[in-house]
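Listed below are the residues making up each chain.
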Amino acid sequence: MNDRWTAGGAADARGRGLMHRLDARTKMAVSLLGSVAVMVLSDPAALGLLLAASTAYALTLGRWRMLLACHAGIAVLMCVAFGLMHAMHLAVPRMSPLEPVRLLVPFLRLAIMLNVVLALALSTRVQAMLSTLKSLRLPFCVYIPTAVMVRFVPSFVADVRQVSETLKTRGYRVNPLFLLRHPLLSMRLLFVPLVFRALRAADELGIAAELKGLGYADRLRPCRTVHLARRDWAAMAGALALVAAGVGLQLRAGWGGGGMF
């Protein structure tokens, strides 16, 4: 339980890169700004700019293999969506033809959010996240589930690695081809253990929250006061400049029908 949830867990073991030196408030602000941007922007050029910037931002974690695997999964989902849409058009010719640009936009949004959320989840201490959310005067029923959801990401990544290593010791090589050829066996060997480990992780987090007395104290008192450094202000200014550039590209392409609403 200590390895999973205590301060300084797996994130600090990877070293102190730029992402680990940024304040939790900075990373939360960048994530919030990214989520608002993907909701209001729909031009592929604007989203492509934000995708390139968010990918560079996430690469400062030093976890390029995991990012590559996640983006490869998004690319596979996109190819499947393109294939299904094309098959539907062939089966029903009266349907409107395939519009690749409109189908590309949701996956660009997904990739942007993946980058900023992974950067936040894999480099932020639990206590720093709780203190930041508590300082916003959010109710207990909001900031605790938010912290749990974000911190579940590195736990799930570690569980996937452990299960895959266990399967390798048993002689199974889990890859996309294996998943396609043996779906039922893959579910029994991979997905069922991950579900049970996720349930165990949730139980451990609940016990840790009780032991720390969360929900009974009026105020979370950090061990030391943390102020925003120059790198934090520079990161937020850069994020605002990139979103402004994306809005400019969106305005140039025309805002009609843009966004998710």
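Each remark here, short or long, concerns the structure printed above.
Just so you know, these numbers come straight off a predicted model, no measurement behind them.

### Remarks on the pattern of salt bridges
Link 1 in the chain: Under the defined criterion, the tally for this structure stands at 2 salt bridges.
Link 2 in the chain: Where R25 meets D23, a salt bridge forms, and the shortest distance between an N and an O atom there is 2.8 Å.
Link 3 in the chain: Judged by its relative accessible area of 35%, R25 falls in the partly exposed class.
Link 4 in the chain: A salt bridge links D159 to R197, with the shortest nitrogen-to-oxygen separation between them at 3.0 Å. Taken as a pair, D159 in helix α9 (residues 140-169) and R197 in helix α11 (residues 183-212) lie far apart in primary sequence, 38 residues in all.
Link 5 in the chain: Taking relative accessible area as the criterion, R197 reaches 23% and is therefore assigned partly exposed.

### Details of the layout of surface pockets
To find leftover empty space, a probe the size of one water molecule is rolled over the atoms.
Link 1 in the chain: Looking at the largest pocket, its volume works out to about 1400 Å³.
Link 2 in the chain: Around the largest pocket, the lining is made up of 30 residues, and of these A69, C70, V160, L179 and L190 lie nearest the centre.
Link 3 in the chain: Among the secondary structure elements, those contributing two or more residues to the lining of the largest pocket are α6 (64-91), α7 (100-121), α9, α10 (176-181) and α11.
Link 4 in the chain: Looking at the lining of the largest pocket, the element that brings in the most residues is α6, giving 9 residues.
Link 5 in the chain: Here the lining of the largest pocket is composed, by residue class, of 23 nonpolar, 3 polar and 4 charged.

### Regarding α6
Link 1 in the chain: Taking 1.5 Å as the rise per residue, α6 with 28 residues should run 40 Å; its terminal C-alpha atoms sit 40 Å apart, in good agreement.
Link 2 in the chain: Buried within α6 we find M66, L67, I74 and A81.

### Here we look at helix α4 (residues 24-40)
Link 1 in the chain: Taking 1.5 Å per residue, 17 residues should reach 24 Å; α4 reaches 25 Å between its end C-alpha atoms and fits that length.
Link 2 in the chain: Those residues of α4 that sit buried are A24, T26, K27, M28, V30, S31, G34, S35, A37 and V38.
Link 3 in the chain: Contacts made by the buried residues of α4 are with α3 (18-21), α5 (44-59), α7, α8 (126-135) and α12 (230-253).

### Considering a nonpolar patch on the surface
Link 1 in the chain: Together, V174, L179, M187, F191, V192, V195, F196 and L199 line one region of the surface with nonpolar side chains, adding up to about 720 Å² of accessible area.
Link 2 in the chain: The dominant element in the nonpolar patch, judged by the number of residues it contributes, is α11, at 6 residues.
Link 3 in the chain: Within the fold, F191 resides in helix α11.
Link 4 in the chain: We classify F191 as partly exposed; its relative accessible area is 43%.

### Digging into the environment of F107
Link 1 in the chain: With respect to the helices, strands and loops of the structure, F107 is situated in helix α7.
Link 2 in the chain: Under the relative-accessibility criterion, F107 is labelled buried at 14%.
Link 3 in the chain: Residues F107 and M78, 29 residues apart in the sequence, show an inter-C-alpha distance of 6.8 Å.
Link 4 in the chain: If we ignore the near neighbours within four places in the chain, the residues touching F107 are I74, L77, M78 and A81.

Conventions used here
Residues numbered from 1 in each chain as written. Predicted model: local features only at pLDDT ≥ 70, side-chain atom pairs only at ≥ 80, totals over all residues. Heavy atoms only, no water. Salt bridge = Lys/Arg side-chain N within 4 Å of Asp/Glu carboxyl O. Buried < 20%, exposed > 50% of the residue type's maximum accessible area, 1.4 Å probe, protein only. Helix = DSSP H or I, 4+ residues; strand = E, 2+ residues; numbered from the N terminus. 1 Å grid on protein atoms, 1.4 Å probe; cavity = no way out; pocket = protein on both sides within 12 Å on 5 of 7 lines; lining within 4 Å. Points joined across faces, edges and corners; volume = space filled by probe spheres on them. Nonpolar A, V, L, I, M, F, W, Y, C, P; charged D, E, K, R; others polar. Expected span 1.5 Å × (residues − 1). Contact = heavy atoms within 4.5 Å. Patch = residues over 30% accessible without salt bridge, like charges linked within 9 Å, V, L, I, M, F, W, Y side chains within 5 Å. Areas by Shrake-Rupley, 256 points an atom, 1.4 Å probe, with all protein chains shown as cover.

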